[in-house]
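Examining the three-dimensional arrangement
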Amino acid sequence: MSDDQVKDATQFEFKAQVQQVLDLVINSLYTHSEIFLRELVSNASDALDKARVLRLTREGLAEQQGEPAIEIELDAKARTLTIADNGIGMTREEAIDQLGTIARSGTTDFLKKMEGLGKHEGAESAIDLIGQFGVGFYSAFMVASRVDVQTRSMLPGAEPVLWRSGGKGSFAVLPGEREAPGTRVTVHLKEDADEFCHDWRVEAVVKKYSDFVTYPIRLGGKVINRAAAPWRLPKAQLSLQEHGEFFKHLTGARLGDEPLVTVHYAVDAPVQFHALLYVPPRATPDLFLLGRERPGLRLYARRVLIMESCESLTPGYLRFLRGVVDSEDIPLNVSRETVQEDKAVRQIEAQLTKQVLKALKELSEQDADRYEKFWRAMGPILKEGLATDWKNKDAIAELCRFESLQGGPGKLVGLGDYLAAKPESQKAIYYLTGTDRKGIERSPHLEIFRQRGIDVLLLADPIDEWVASALPEFEKVPLVSVAHGELDLGGEKPAAGETEDKRTDAAVKAIRLALGDRVDEVRPSTRLTDSACCLVSKTGDPGANLDRLMKMLDEKAVEHRRILEVNPNHPLIKNAAALAERDPGSSHLQLWAELLFDQALLAEGVVADPAKLVSRIQDLLVQVSSAVVGGNGDGQAH
Ligand code: ADP
Ligand code: MG
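Here the structure is a predicted model, which means the values were calculated and not measured. (Residues numbered from 1 in each chain as written. Chains lettered and ligands numbered in written order. Predicted model: local features only at pLDDT ≥ 70, side-chain atom pairs only at ≥ 80, totals over all residues. Heavy atoms only, no water.)

1. As for the overall build of the protein
What counts is decided by this rule: The helix and strand labels rest on DSSP assignments: H or I over at least four residues marks a helix, E over at least two residues marks a strand, and numbering proceeds from the N terminus. The buried label goes to any residue with under 20% of its type's maximum accessible area, the exposed label to any with over 50%, and the partly exposed label to all in between, with areas taken from a 1.4 Å probe on protein chains only. Should any heavy atoms of two residues lie within 4.5 Å, those residues are counted as being in contact. Only the protein chains shown count as cover for residues, and all accessible areas are computed by the Shrake-Rupley method using a 1.4 Å probe.
Regarding its fold elements, the protein presents 21 helices and 23 strands. When burial is assessed residue by residue, the protein has 51% of its 638 residues classed as buried. Sequence separation of 24 or more characterises 71% of the internal contacts of the protein that already satisfy a separation of 6 or more. Roughly 31100 Å² of accessible area belongs to the protein as shown, and the carbon and sulfur atoms make up 51% of that amount.

2. Description of the packing of aromatic side chains
Pairs of aromatic rings are described using the distance from one ring centre to the other and the angle between the two planes. Quick reminder of the rule: In this analysis, rings of Phe, Tyr and Trp, with Trp reduced to its six-membered ring, are considered paired at centre separations within 6.5 Å, and the interplanar angle assigns stacked below 30 degrees, edge-to-face beyond 60, and tilted for intermediate values.
Enumeration according to the criterion identifies 13 aromatic pairs in this entry. Between Phe320 and Phe374 the ring centres are 5.8 Å apart and the planes differ by 70°, which places this aromatic pair in the edge-to-face class. One end of the pair, Phe320, is in the loop between strand E13 (304-310) and strand E14 (322-327); the other, Phe374, is in helix H10 (residues 368-382), and 54 residues separate them in sequence. Side by side, Phe320 and Phe374 carry an identical accessibility label, which is buried. Taken together, the ring pairs connect Phe12, Phe137, Tyr138, Trp163 and Phe171 into an aromatic cluster.

3. Concerning the side chain of Ser33
In this structure, Ser33 sits in the loop between helix H2 (16-29) and helix H3 (35-57). Contacts of Ser33, omitting those with residues within four sequence positions, involve Met142, Val143 and Phe196.

4. A few points about the layout of surface pockets
Empty space left among the atoms is revealed by rolling a probe the size of a water molecule over them. What counts is decided by this rule: Cavities and pockets were defined on a 1 Å grid built from protein atoms only: a cavity is a group of points that admits a 1.4 Å probe but offers it no way out, a pocket is an open group of points flanked by protein on both sides within 12 Å along at least five of seven lines, and a lining residue is one with an atom within 4 Å of any such point. Grid points are joined across faces, edges and corners, and a volume is the space filled by probe spheres set on the points. Residues are grouped as follows: Ala, Val, Leu, Ile, Met, Phe, Trp, Tyr, Cys and Pro are nonpolar; Asp, Glu, Lys and Arg are charged; all remaining types, including Gly, are polar. The domain limits used here are those given by an automatic or database domain assignment.
If you add up the space inside the second largest pocket, you get close to 950 Å³. Lining the second largest pocket are 42 residues, with Thr433, Glu465, Gly543, Ala544 and Asn545 sitting closest to its centre. Counting residues per element, the ones that place at least two in the lining of the second largest pocket are strand E17 (429-433), helix H14 (437-441), helix H16 (464-469), strand E20 (477-481) and helix H18 (544-553). Among the elements that line the lining of the second largest pocket, the one with the most residues is H18, at six residues. Here the residues of the lining of the second largest pocket are counted per class, giving 17 nonpolar, 16 polar and nine charged. The two domains that each donate at least three residues to the lining of the second largest pocket are domain 3 (400-482) and domain 4 (498-537 + 562-607).

5. A short note on the sheet that holds strand E22 (residues 533-536)
Let me state the cut-off plainly: Strands pair, by our definition, only if DSSP identifies at least two bridges between them. All axes here are fitted lines through C-alpha atoms, helices being fitted over the stretch that makes contact, and every angle between N-to-C directions spans 0 to 180 degrees.
Spatial strand order, E21-E23-E22: three strands in an open sheet with mixed pairing. Of all strands in the sheet, those with a lone pairing partner are strand E21 (519-524) and E22, marking the two edges. Taking the axes of each pair of neighbouring strands and ignoring which way they run, one obtains an average angle of 25° across the sheet. Of the strand pairs in this sheet, E22 and strand E23 (residues 562-566) are connected by four bridges, and their pairing is antiparallel. By the bridge assignment, Cys534 is partnered in E23 with Glu565.

6. Overview of empty space enclosed by the protein
For the structure shown, the criterion picks out two cavities of 30 Å³ or more. Its boundaries defined by the atoms lining it, the largest cavity holds a volume of some 40 Å³. Residue lining of the largest cavity: Leu386, Phe402, Leu415, Leu457, Leu459, Val467, Ala468, Leu471 and Leu479, and that is the complete set. Only strand E18 (457-459) and H16 provide two or more residues apiece to the lining of the largest cavity. Classifying every residue of the lining of the largest cavity by side-chain character gives nine nonpolar, no polar and no charged. Of the volumes computed, that of the second largest cavity is approximately 40 Å³.

7. What to know about the packing of helix H9 (residues 343-366) against H10
Helices that pack against each other are described as a pair by the angle of their axes relative to one another and the distance between those axes. For the record, the criterion: Working definition: roughly parallel below 35 degrees, roughly antiparallel above 145 degrees, roughly perpendicular at 65 to 115 degrees, and oblique for all remaining angles. Throughout, a crossing is termed right-handed when the near helix is turned clockwise from the far one, and left-handed when it is turned anticlockwise from it by less than a right angle.
Look at H9 against H10: their axes get within 8 Å of each other, and the N-to-C directions meet at 140°. The orientation of H9 with respect to H10, classified from their angle, is oblique. Considering only the axes of H9 and H10, their crossing is left-handed. Across the interface between the two elements, Leu357, Leu360, Leu363, Ser364 and Gln366 from H9 touch Ala368, Arg370, Tyr371, Phe374 and Leu382 from H10. Its residues placed into classes, the contact of H9 with H10 shows seven nonpolar, two polar and one charged.

8. Observations regarding unusual backbone geometry
Omega for the peptide link from Ala269 to Pro270 comes to 0°, which places this bond in the cis form. Within the element layout of this structure, Pro270 appears in the loop between strand E10 (261-267) and strand E11 (273-279). Non-glycine residue Arg79 carries a positive phi angle of around 50°. Here Arg79 is to be found in the loop between strand E2 (70-75) and strand E3 (80-85).

9. What about the packing of helix H20 (residues 587-602) against helix H21 (residues 610-629)?
At a minimum axis separation of 10 Å, H20 and H21 run at an interaxial angle of 130°. Taken together, the axis directions place H20 and H21 in an arrangement best described as oblique. Judged by the sense of rotation from one axis to the other, the crossing of H20 with H21 is left-handed. Counted together, His588, Leu591, Trp592, Glu594, Leu595, Asp598 and Leu602 of H20 and Leu613, Arg616, Ile617, Asp619, Leu620 and Gln623 of H21 form the full contact between these two elements. Within the contact of H20 with H21, the residues separate by chemical class into seven nonpolar, two polar and four charged.

Interpretation in functional terms is not warranted from these geometric data alone.
What follows is the structure, encoded as structure tokens:
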């Protein structure tokens, strides 16, 4: 086709962002230009996968023409490199959409990140970013003065299409020339990129990045990749580096270069399968979005890819896993709808779960640093298992890590470590939930624990409260929230005379009367050393954070009334007690009780009614200042 014809064709502008991405990719990556081959091969391999899946799920499509394969042709004279596949192909609309206008949400983020990069950190990070944001196809313009895509969709009635662009602002879409479904991408190499019309160079690059592509990649008639299904190889035959390559192949290099954990094994009974699973080094945001389709594993039945992403193979709390399951026992016609009920799939899920939990346990024992990395990335997801998988709860509990009061910020302890470190006499694993470590640390509930040097797990993740309530005990030791119920730390109670106790009772009664049914109960506290009071949830009730969260989600949610605990040794409570004994109906008591309640909430970072609080403080200041001016300088009641 001559260039003259292009002028008659429909011309399209690249979307502005696409052009920006193009420019950035071209300018920052030219030293790593070889990765364009990886991207085009990966697209061809995707297209072959998609063709297989489509044939399994739709009737009336053309037969596969020849063996699914990727063909690379080099022409040194014409200075072209062509990558051809007999995969799914594209319709005209798809070509326009997918190669030109890209509505990917990632594009904007990509641009932002790229602009944020300095000149020097540039290239390496950019390679990572290209993979992450799926702008692979454009990388061809690093080496191309023009790219021609001859494609024909395998959908019935689709016409062949030629997509053509010089990567400068616009592209053309013309009628194509192609009989069979599939795609041919011809890269017209720039002068400084003619290394890519040489066999040796291309072969080396393909081996480096695409060895594990499961389709044969042919160059000059010779297959140059391994084209073996790596998950079917014996474990010992795969090196760390090869796992890295396969991991990148699976994830499109979106998730880093190297998996954090690899689980590779085969089982024959009760169900036969091969599994090669990876834990990526970082979590992607989609793992945390409810209602969005979560990532799953690739499912092969007898080496035929039948599902790109099968959620039913892993429980929700292992949704960060990437990898492949290949089974002889799964019917080829299994569909998204029936896969969940499939008995073999259920058995595989149970097996996988056990194996992965075991591998994680081993990692935690053998390489604490790496395990910590894992936990920081995936812990928030894995924890969900405590509440959702009672069968494996103990194994999951062993894997959990938390910060603790004694441990200091950033230091993680496991429940086992906690038990090993605690004194024999301590009968519980103590924890406190909150929204962040700083906030939790300020909580008055911790005072007695600090004083006695007892460690408390600080659970700052929003789901921790839910998770903790699902774990009543660990190795037969109960988990106890320090903001719940009566506290029994054993040992002697702070000594108080009988008259003191009676006085405190009077204060308790007066405060209770003043607060009415805003609190469930008022009682003397055993957990406070410095603060005058704190709020405690009843045993079995959800904690205050969860209550507030529920309230935010649903206005009608009930807030559970809590217990106000007062510190009998605090001067304010002593004064209140003295006043209550003398004059139980005193209006001072009403005001003080209100302020105590306000204070307890404030300590949790909550102000129920700021205007009222201000007016109470004002009243108090009037009293105190009057007392000072009146010469009664200590401002205390007696
Ligand atoms: P990604 O592969 O991450 O989706 P790319 O920029 O590499 O991003 O490719 C963009 C899109 O173009 C692909 O998602 C696919 O729809 C289409 N495409 C590219 N190459 C081919 C091909 N060889 N066959 C069919 N479709 C292709
Ligand atoms: Mg791609």
